[in-house]
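# Tertiary structure, described
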Amino acid sequence: MRTLTASRGSELRPTAAATRPAVQITHLRKTYGPLVAVDDVSLSVAEGEIFGILGPNGAGKTTAVECAVGLREPDAGTVRLLGLDPRADRDEVHEIVGVQLQASAFPAKLRVGEILEEYRSFYRDPADTGELVEALGLAGKRRDYYRSLSGGQRQRLSVALALIGRPRIAVLDEMTTGLDPQARRDAWELIERVRDRGMTVVLVTHFMEEAERLCDRVALIDHGRIVALDTPVGLAAQARGGKTVRFVPSAPFEDRLLTGLPGVTRVEHQGQHVVVTGTGELVNELILALHTVGVTARDVQLDASNLEDAFVRLTRNGTQLHQEKNGEPS
Amino acid sequence: MSLHMLARPRAPRAAFGQIVRNEARLAWRQPAGIIVGIGVSLLLLVIFGSISVFRQPSSKLGGLSAFDIYIPILIAFSIGVLALTYLPGPLVAYREQGVLRRLSTTPVPASWVLAAQFAVQACLMVIAVLLLIGVSVVGYGAITPRNPGGLVLSVALAIAALFAIGLSIAAAARTTGAARGLMALAFYPLMFFSGLYVPMQMLPGVFQDVSHVTPLGAAVVAIGDSMLGQFPPAEPLLVMAAYALGFGYLAKRFFRWE
């Protein structure tokens, strides 16, 4: 027994070292006056993982990543990037972390190529500029002034600059906001490629499709707190709690008729549609119940739950919880 | 590899050269600083040189011509206009637009941009000084500066004092608009006391007394004396050094990167 434990322990040690988290955030808290922007956030991102941070506007996503990269000082909690403290070890951290900020600009009268060359010179072992601009569709823009770039092109340049130092961790804050669908897909491919070379990616986004396509795991943040943390598929399943059925009733009826059914968890009205959430043989039960009061259901749709539903459900639950805590009616 | 990297974290030296190159490109592509800081002072020199009255020695001016009097004043003008208007502007704009914030996430300290700005502006100032002296000597037969050592020291101190003031403006101003206001507030009085509008020799003594304790007034005295062959007296040099240190301290204390 003792030998078994010992051998297991020695087996574990190298494994634990190999899976040292790229990002380790523990009980992070940041307030601006009375506003709690980030409230007790803990998460851990493994090396080589693409980790999504999802949440509605103003949820505290940006504040959280700005604390993580050392741009802001947290009020409480710790951040470790490959074991380094982003503020105390800032010099080391700047070498291994590439950042794309939401609001950053470059001098209007510099050319794209000149900005890239400048940032490239900051790093010891930089990436190949040609490959980056090619992947991001900026190859034809190298001689253009920054001020002549469209919003999407500026965004892509910003992504290129975050990756140009070949960082071990890339932190991208709304990387694809403002990009057209094709450019977005190109950016996703690039992220998958750099991850395949071992880069860890922390991605702040509010595009569900992006999170579903790219992320190994997603943290859903609302009101500064993590309300869910799982794989995109896991999150969608968590939120499912059943199916959603939409239909148009032939005549008005009392909600009680449906909320009283054992499998139903929620009844909502959206214009002429009624949306019922629940489990089990939902459609059959609904139709039978409606039949008893002489109502028929038209345009019946059974929605498959996805990450977007998870987002809406979980953040709305968060809102409700939040309001209840503050004594407001939900 | 990674241990080696962690042991010596600091941006490659070549990065500074790249930043200077880009700042120089920006100065060239947004040439207002070059046009005003070098072009306007040269133009004034040529105009004054072309007016024959200006080139006649006058007993009121201690045997010098108005043209001679204006050479150090135009040098002070070039330094003043570059340091007070074309130094703080871009720095405040960089802070406003997030350029400095973005830089602060790279291995390069944001202060390198500041240093690059200094380097580019100082180069423009030296070019302005050389052109003003060169054109006045070659084109209008002005005397060649007789005390080059004193001249170099005076110009260097003037640049240091005016940079410190310009940087304090960049530190105090939150927006480019505010920077422009503060710049005007500093620029016009300083230019007045340098004698740009009326040479101090033609004003009552109290004006000269005030002028001697302003940075550009002190610069004009020190540069003028060096050109006439004396090593400048201690007073104007100390005045400029005091401005450099005092405002340098303020700038360092209050400059915000975000």
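No experiment lies behind these values; they were computed from the predicted model shown.

Thresholds, definitions, all that
Residues numbered from 1 in each chain as written. Chains lettered and ligands numbered in written order. Predicted model: local features only at pLDDT ≥ 70, side-chain atom pairs only at ≥ 80, totals over all residues. Helix = DSSP H or I, 4+ residues; strand = E, 2+ residues; numbered from the N terminus. Buried ≥ 20, exposed ≤ 12 C-beta atoms within 10 Å, placed from the backbone. Contact = placed C-beta atoms within 7 Å. Pairing = 2+ DSSP bridges. Axes fitted to C-alpha atoms, helices over the stretch in contact; angles between N-to-C directions. Parallel < 35°, antiparallel > 145°, perpendicular 65-115°, else oblique. Left-handed = near helix turned anticlockwise from the far one by under 90°. Core = buried A, V, L, I, M, F, W, Y, C linked by C-beta atoms within 7 Å. Nonpolar A, V, L, I, M, F, W, Y, C, P; charged D, E, K, R; others polar. pLDDT = per-residue confidence, 0-100. Expected span 1.5 Å × (residues − 1). Arc of directions from axis to C-beta.

## As for the overall build of chain A
A count of helices and strands for chain A gives 12 helices and 13 strands. Looking at chain A residue by residue over its 330 residues, the buried ones come to 41%. Restricting the contact set of chain A to residue pairs at least 6 apart, pairs at least 24 apart contribute 70%.

## Considering the environment of Arg 217 of chain A
Tracing the chain through its elements places Arg 217 of chain A in strand S8 (residues 217-222). Arg 217 of chain A sits 190 residues away from His 27 of chain A along the chain, and the two C-alpha atoms are 19 Å apart.

## Observations concerning the sheet that holds strand S1 (residues 23-32) of chain A
Picture the strands of a sheet paired through backbone hydrogen bonds; they go either parallel or antiparallel. All names here are of chain A. With antiparallel pairing, the 3 strands of this open sheet are ordered in space as S2-S1-S4. With one partner strand each, in any of the chains shown, strand S2 (35-45) and strand S4 (76-81) form the two edges of the open sheet. Taken pair by pair, the neighbouring strands of this sheet meet at an average axis angle of 20 degrees, ignoring direction. Examined bridge by bridge, S1 and S2 share 7 bridges and lie antiparallel to one another. Pairing of Val 23 across the sheet is with Val 45, part of S2. On top of the sheet, helix H2 (residues 61-68) reaches S1, S2 and S4; it is set at about 120 degrees to S1, its chief contact.

## Re the packing of helix H3 (residues 32-50) of chain B against helix H7 (residues 111-140) of chain B
Any two packed helices are characterised by the angle at which their axes cross and by the distance between the axes. All names here are of chain B. Contact geometry of H3 with H7 gives a least axis separation of 10 Å together with a crossing angle of 15 degrees. On the basis of the axis angle, H3 is roughly parallel to H7. For the element pair H3 and H7, the recorded crossing hand is right-handed. Between H3, through Gly 33, Ile 34, Gly 37, Ile 38, Ser 41, Leu 42, Leu 45 and Gly 49, and H7, the contact on the second element is made entirely by Leu 124, Ile 127, Ala 128, Leu 131, Leu 132, Val 135, Ser 136, Gly 139 and Tyr 140.

## Some thoughts on the nonpolar core
Among the nonpolar cores identified, the biggest contains 161 residues, and Ala 160 and Leu 203 of chain A are the most heavily contacted of them. In terms of residue count, the dominant contributor to this core is helix H8 (residues 148-172) of chain B (15 residues). Excluding residues that lie within four positions of it along the chain, Ala 160 of chain A makes contacts with Leu 116, Leu 132, Val 133, Leu 136 and Leu 138 of chain A. Counting residues in hydrophobic clusters, the runner-up holds 9 residues, among them Phe 247, Val 264, Leu 282 and Leu 286 of chain A.

## Topic: the interface of chain A and chain B
Contacts between the two partners involve 23 residues from chain A, matched on the other side by 24 residues from chain B. Grouping the constituent residues of the side of chain A that touches chain B by class yields 12 nonpolar, 3 polar and 8 charged.

## A word on the sheet that holds S8 of chain A
All names here are of chain A. In space, the 6 strands of this open sheet follow the order S5-S6-S7-S3-S8-S9, with mixed pairing throughout. Edge positions in the sheet fall to strand S5 (97-100) and strand S9 (225-230), since each of these pairs with one other strand and no more. Sheet twist, expressed as the average angle between the axes of neighbouring strands with direction ignored, equals 15 degrees. Both S5 and strand S6 (residues 169-173) contribute to a ladder of 4 bridges, which runs parallel.

## A look at the packing of H3 of chain B against helix H4 (residues 66-85) of chain B
All names here are of chain B. Remark: H3 packs on H4, axes separated minimally by 9 Å, with the N-to-C direction vectors making an angle of 170 degrees. By the criterion of interaxial angle, the relationship of H3 to H4 is roughly antiparallel. Together, Gly 33, Val 36, Gly 37, Ile 38, Ser 41, Leu 44, Leu 45, Phe 48 and Gly 49 of H3 and Ala 66, Phe 67, Tyr 70, Leu 74, Phe 77, Ser 78, Val 81 and Leu 82 of H4 make up the contact between the two elements. Grouping the constituent residues of the contact of H3 with H4 by class yields 12 nonpolar, 5 polar and no charged.

## Looking at the confidence of the model for chain B
Residues and elements named next belong to chain B. Residues with a pLDDT of 70 or more make up 96% of chain B, whose mean pLDDT is 91. In the model, residues 1-9 has pLDDT below 50 throughout and makes 7 contacts with residues more than four positions away in sequence or in other chains. Taken over the whole predicted complex, pTM reads 0.79, whereas the ipTM for its chain interfaces reads 0.87.

## Some words on helix H9 (residues 176-194) of chain B
All names here are of chain B. Given a rise of 1.5 Å per residue, 19 residues ought to cover 27 Å, and the 26 Å separating the end C-alpha atoms of H9 matches this to within 8%. Three or more residues of H9 are buried, namely Ala 179, Leu 182, Met 183, Ala 186, Phe 187, Leu 190, Phe 193 and Ser 194. Across the axial projection of H9, the buried residues extend over an arc of 135 degrees, all falling on one side. Exposed side chains of H9 directed beyond 90 degrees from the buried face belong to Gly 177, Ala 184 and Leu 185.

## A closer look at the environment of Gly 113 of chain A
All names here are of chain A. Its location among the elements puts Gly 113 in helix H4 (residues 112-120). By C-beta crowding, Gly 113 is classed as partly exposed, having 15 other C-beta atoms within 10 Å. Not counting the four nearest positions on each side in its chain, Gly 113 is found in contact with Arg 142 and Arg 143.

## Observations concerning the pairing of S8 of chain A
Residues and elements named next belong to chain A. Of all 6 residues in S8, 5 are buried, a share of seventy percent or more. Sheet topology note: the strand S3 (residues 50-54)/S8 ladder contains 4 bridges and is parallel. Among the inter-strand pairings, Gly 52 is bridged to a residue of S8, identified as Val 218. Taken together, the 5 bridges between S8 and S9 define a ladder with antiparallel strand orientation. Opposite Leu 220, over in S9, you have Ala 228 as the bridge partner. Hairpin connection between S8 and S9: a loop of 2 residues separates the two successive antiparallel strands, and His 223 in this loop has a positive phi of roughly 50 degrees.

## Thoughts on unusual backbone geometry
The phi torsion at Asp 40 of chain A lies on the positive side, around 55 degrees, for a residue other than glycine. Tracing the backbone through its elements, the reader meets Asp 40 of chain A in strand S2.

## Side note on the confidence of the model for chain A
Residue and element names in this part refer to chain A. Mean pLDDT over chain A works out to 84, with 87% of the residues at or above the 70 mark. Long-range and interchain partners of residues 1-17, a stretch whose pLDDT sits below 50, account for 0 contacts in this model, where long-range means more than four residues apart. Segment residues 320-330 is flagged for pLDDT under 50; beyond a separation of four residues in sequence, or across chains, it makes 5 contacts in the model.

## Some remarks on the environment of Leu 54 of chain A
Residue and element names in this part refer to chain A. Relative to the assigned elements, Leu 54 resides in strand S3. Here the alpha-carbon distance between Leu 54 and Asp 222, two residues 168 residues apart in the chain, equals 8.6 Å. Apart from residues lying up to four places away in sequence, Leu 54 is in contact with Thr 205, His 206, Ala 211, Val 218, Leu 220, Ile 221 and Phe 311.

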